[in-house]
Amino acid sequence: MKAKKNITMKEAKEKTGLSSRQIRYYDQQDLVFPGRSRGNQRLFSENDIERLLKIKDLITAGNSIETVRSKLRAPETQTNGQYEFDYENEFDYSDVKLDSLFPVSNRSELIKRLSRSNSKGFKEEEE
DNA sequence: GTTCTAACA
DNA sequence: TGTTAGTA
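Small disclaimer: the values here were computed from a predicted structure and weren't measured.

1. A short note on the confidence of the model for chain A
For chain A, per-residue confidence averages 71 on the pLDDT scale, and residues scoring 70 or more make up 51% of the total. Per-element confidence in chain A is highest for helix α2 (residues 20-28), whose mean pLDDT is 94, and lowest for helix α5 (residues 107-118), whose mean pLDDT is 56. With pLDDT under 50 throughout, residues 80-84 is counted as low confidence; its partners more than four residues away or in other chains account for two contacts.

2. Section: the packing of helix α1 (residues 9-16) against helix α3 (residues 46-60)
Following both chains from N to C, one finds α1 and α3 inclined at 45 degrees, their axes separated by 10 Å at the closest point. Between α1 and α3, the angle is such that the two are oblique. The way α1 lies across α3 gives a crossing that is right-handed. Of the residues in α3, those in contact with A12, K15 and T16 of α1 are E46, I49, L52, L53 and K56. For the contact of α1 with α3, a count of residues per class yields four nonpolar, one polar and three charged.

3. Focus on the environment of E46
Relative to the helices and strands, E46 is located in helix α3. Residues E46 and K5, spaced 41 residues apart in sequence, show a C-alpha to C-alpha distance of 8.2 Å.

Analysis parameters
Residues numbered from 1 in each chain as written. Chains lettered and ligands numbered in written order. Predicted model: local features only at pLDDT ≥ 70, side-chain atom pairs only at ≥ 80, totals over all residues. Heavy atoms only, no water. pLDDT = per-residue confidence, 0-100. Helix = DSSP H or I, 4+ residues; strand = E, 2+ residues; numbered from the N terminus. Contact = heavy atoms within 4.5 Å. Axes fitted to C-alpha atoms, helices over the stretch in contact; angles between N-to-C directions. Parallel < 35°, antiparallel > 145°, perpendicular 65-115°, else oblique. Left-handed = near helix turned anticlockwise from the far one by under 90°. Nonpolar A, V, L, I, M, F, W, Y, C, P; charged D, E, K, R; others polar.

In structure tokens, the structure reads:
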């Protein structure tokens, strides 16, 4: 039963109006967490799009990646007693061809992300 | 045809 | 940020 539909890069570009470069960049900056699947391609959910939209809004408003990250913190790091799992959600797994289980299918990717979380060499980078 | 990463302009 | 290279 595939109720929700996954969104591909192309769709994401159209829906957000952002370039693929920007979307991938925001992904690297941990501003969005799209799932990965077939061929290591990103699969966004409706939530990711909304998140991207908000990011775009903040960036175009003259804010930097840092600011955006402050506003949209990763759920795991948001230890305020209030969880905002706004993306562990409507993901259509039936359409995803994963080699193993989703959460830990990409160990290398997970390791990379964890590594990035430690490196705090951020500056005032904008458009 | 499209996305992915990495790197250069 | 755009764009290109080589790949899947």
